[in-house]
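Listed here are the chains, written in short residue letters.
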Amino acid sequence: MTVDGRSPKTIKAYRSDLTPILNGLPKHFTREQLESACAEHLTAHRDHWANTTIRRKMAAMRALGKHLGFDNFMVNYKAPPIPAPVPHPIEGMMDGVRRMIGAARQDSHKCLV
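Residue numbers restart at each chain and count upward from 1, following the sequence in its written direction. For a predicted model such as this one, the threshold for reporting local features is a pLDDT of at least 70, and the threshold for listing and counting side-chain atom pairs is 80 or more; totals across whole chains, interfaces and linings nevertheless cover every residue. Just so you know, side-chain values use all the structure's heavy atoms and leave hydrogens and water out.

Visitor: Now, about the overall build of the protein: what can you tell me, with residues and values included?
Guide: Under the DSSP-based scheme used, a helix requires at least four consecutive residues in state H or I and a strand at least two consecutive residues in state E, with every element numbered from the N terminus. Of the regular secondary structure elements, the protein holds five helices and zero strands. Shown N-terminal to C-terminal, the secondary structure of the protein runs as helices and strands in the order α-α-α-α-α. Buried, partly exposed and exposed residues are distinguished by accessible area as a fraction of the type maximum, computed with a 1.4 Å probe on protein chains only: under 20%, between the cut-offs, and over 50%, respectively. Across the 113 residues in the protein, those meeting the buried criterion constitute 23%. In the protein, the proportion of contacts linking residues at least 24 apart, taken out of those at least 6 apart, comes to 54%. Here the open area of atoms and residues is found with the Shrake-Rupley method and a 1.4 Å probe, where only the protein chains shown may cover a residue. Carbon and sulfur atoms make up 56% of the accessible area of the protein, which totals about 8500 Å². Any two residues whose heavy atoms approach within 4.5 Å are treated as being in contact.

Shown next as structure tokens:
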């Protein structure tokens, strides 16, 4: 699999995502065997992983499928939705920010605000 344009952290994550699946397959495997192993792996752990983790693992699996020339690999396995971000407003808005800055006793504390 090529790594052009992917960060070292992505490469490391993809490797850790794919290794358990590939280790469970025979040396020569079919598309169906790989797709089944990927789906079983995701389903078995779905309750333990965050949705974003599952989506990253699916991206790794689809990248492997694409690399192996498998068109539309894993298209029937639906990714979980990514929930909308929850805003964390500061109470009192700018007045709250000013109070936080005022509470910082040293300049080194102010960088945390």
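Visitor: Give me the environment of Phe-70: which residues, what numbers.
Guide: Along the chain, Phe-70 falls in the loop between α3 (51–67) and α4 (93–103). When the C-alpha positions of Phe-70 and Arg-31 are compared, they lie 6.9 Å apart, and in sequence the two are 39 residues distant. When sequence neighbours within four positions are dropped, the list of residues in contact with Phe-70 reads Arg-31, Leu-34 and Gly-65.

Visitor: Summarise the nonpolar core; cite the residues concerned and give the values.
Guide: Definition used in this section: a nonpolar core is a set of buried Ala, Val, Leu, Ile, Met, Phe, Trp, Tyr and Cys residues joined via side-chain atoms within 4.5 Å. Ile-21, Leu-34, Cys-38, Leu-42, Met-61, Phe-73 and Met-74 are the most contacted members of the largest nonpolar core, which totals 18 residues. A per-element tally of this core places α3 first, with six residues. Residues within four places of Cys-38 in sequence aside, it is in contact with Ile-21, Met-61, Phe-73 and Met-74.

Visitor: Account for the environment of Arg-56, naming residues and giving values.
Guide: Note that Arg-56 resides in helix α3. Along the chain, Arg-56 and Ala-13 lie 43 residues apart, while their C-alpha atoms are 8.3 Å from each other. Among residues more than four places away in sequence, those in contact with Arg-56 are Ala-13, Tyr-14 and Asp-17.

Visitor: Which residues make up the confidence of the model for the protein, and what values go with them?
Guide: Per-residue confidence from the predictor is reported as pLDDT, which spans 0 to 100. Looking at the protein as a whole, the pLDDT averages 84, with 89% of positions reaching at least 70. For the protein, per-element mean pLDDT is lowest for helix α5 (residues 107–110), which scores 66, and highest for helix α2 (residues 31–45), which scores 93.

Visitor: Can you lay out the pattern of salt bridges for me, pointing to particular residues and giving the numbers?
Guide: Between Lys or Arg on one side and Asp or Glu on the other, a salt bridge is scored when a side-chain nitrogen of the former is within 4 Å of a carboxyl oxygen of the latter. Under the defined criterion, the tally for this structure stands at three salt bridges. Taking the shortest distance from any N to any O, the salt bridge between Asp-17 and Arg-56 comes out at 2.7 Å. On the criterion of sequence distance, the pair formed by Asp-17 in helix α1 (residues 8–23) and Arg-56 in helix α3 is long-range, its members being 39 residues apart. Looking at Asp-17, the relative accessible area reads 1%, which means it is buried. Take Arg-56: its relative accessible area is 31%, and that puts it in the partly exposed class. Of the charged contacts, one joins Glu-35 and Arg-31 as a salt bridge, the two residues approaching to 3.5 Å between their closest N and O atoms. Note that Glu-35 and Arg-31 are positioned in helix α2 at a spacing of four residues, about one turn of the helix. Given the relative accessible area of 21%, Glu-35 is considered partly exposed. What emerges from the salt-bridge pattern is a single network uniting Asp-17, Arg-56 and Lys-57.

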